[in-house]
Amino acid sequence: MNFFKALFGGEEETPEQKRQADEARKFDMFKYDGVRAAKIGQHDYAVKCYEEALKLRDDLEVRDYLAQALIRTGRTAEAFAQLQRLAEAEPGNKAIWLQMANVAYMDENYDAMDDACGHAMQIDPNDATAHYLKAKACIGHADMIGAIAMLTKAIALKADYPEATLLRGQTLLKMGDAAGADADATALMAGYGANEDVMMLKARVERAKGNADAAIEAYGKVIDANPFCIDAFKERGAIKYENGDMSGAQADAEKAMELEPKDMAAVSGDYSAEGVEQKVKQAYSNLNPLGL
């Protein structure tokens, strides 16, 4: 190459130019090796590649890739730190703040989540997702009133927002507002009636309202949709026990133990006719009536 440069009057590449060219080549190699690794699910290797690339050049795109790979390897605190660097570089990028809120939620860091949501809402006061995530941060802080306010705002901003409606219904039920929860459950059943979480909310609402037959039917639909839903067996069995249906309560208790033996180990053993009432009572004595 130097021969042709000399022949045609070109300047020979300096050592500094060679160094820069070599760094650029290595940077691209690490970056795109990481991208290829991530595409086939080798996220640990992708993390190593991105980290090597960042040693050569501080690149926002690579930091974003690294954050995603760290999330997928469960290293959420490190992912959050990378997203912070991105937010410092692009403070007006709403998507970064929303991603930070999601990652903070994974770590149950509700202060950081609340702060990230606040930044996103400053950028776009009408972003429904920001309000929804802010509600989840409120719940993390046991601020149920604030959560309801945020969820109601999110639903107003985005009419078809089943996640927000479901969370509002669940939160209202925790607060003892069965009527409010029922309104959300009924609205969800119209469009998302086949969803397991929606059916579960409806079953719990019916139980909270004292409608045992309707609750048992609703729990049955949950079990039809997911025969491995332990909570549905436990909660349906509790209603049967309360109504004096010992054989039905026993059957549900046994199924729950079959699915999760360690959870109900205290009631394992003899299921003779003489002992069934005592053992089933044990199974349901500490069960929260709302399943929460």
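Everything here concerns the structure above.
Residues numbered from 1 in each chain as written. Predicted model: local features only at pLDDT ≥ 70, side-chain atom pairs only at ≥ 80, totals over all residues. Heavy atoms only, no water.

**Focus: the nonpolar core**
What counts, and what does not: The nonpolar core is taken to be a set of buried Ala, Val, Leu, Ile, Met, Phe, Trp, Tyr and Cys residues, with the residues joined through side-chain atoms within 4.5 Å. Residue burial is assigned from relative accessible area. The probe radius is 1.4 Å, only protein chains are included, and a residue is buried under 20% of its type maximum, exposed over 50%, and partly exposed in between. Note on contacts: a residue pair qualifies if any of its non-hydrogen atoms lie within 4.5 Å across the two residues.
Within the largest apolar cluster, 48 residues are counted, with the highest numbers of intra-cluster contacts made by Tyr-50, Met-100, Met-113, Tyr-132, Leu-133 and Ala-164. If we skip the residues at most four places from it in the chain, Tyr-50 touches Lys-31, Gly-34, Val-35, Ala-38, Val-62, Tyr-65, Leu-66 and Ala-69. Ranked by size, the runner-up nonpolar core spans 15 residues in total, among them Met-199, Ala-215, Tyr-219 and Phe-233.

**As for the packing of aromatic side chains**
What counts here: Pairing of aromatic rings covers Phe, Tyr and Trp, the last counted by its six-membered ring, and requires centre-to-centre distances within 6.5 Å; plane angles under 30 degrees mean stacked, over 60 mean edge-to-face, and any other angle means tilted. Strands here are runs of E lasting at least two residues and helices are runs of H or I lasting at least four, both read from the DSSP assignment and numbered beginning at the N terminus.
Throughout the structure, instances matching the rule amount to 3 aromatic pairs. Ring centres of Tyr-132 and Tyr-161 lie 5.4 Å apart, and the angle between their planes is 45 degrees; on these two criteria the pair is classed as tilted. Taken together, the residues Tyr-132 in helix H8 (residues 128–140) and Tyr-161 in the loop between helix H9 (144–157) and helix H10 (162–174) connect sequence positions 29 residues apart. Residue classification places Tyr-161 among the buried residues on the basis of a relative accessible area of 5%.

**What about the pattern of salt bridges?**
Which entries qualify depends on this criterion: The salt bridge definition used is simple: a Lys or Arg side-chain nitrogen within 4 Å of an Asp or Glu carboxyl oxygen.
All told, the structure shown has 26 salt bridges when counted by the stated rule. A salt bridge links Arg-75 to Glu-78; the shortest N-O distance between them is 2.8 Å. Judged by its relative accessible area of 36%, Glu-78 falls in the partly exposed class. A salt bridge links Lys-202 to Asp-182, with the nearest nitrogen and oxygen atoms 3.0 Å apart. Of the two residues, Lys-202 is situated in helix H12 (residues 196–208) and Asp-182 in helix H11 (residues 178–192); the sequence distance between them amounts to 20 residues. In this pair, the class of Lys-202 matches that of Asp-182, namely buried. Look at the salt bridges and you will find they share partners, linking Asp-182, Lys-202, Glu-206 and Lys-209 into a network.

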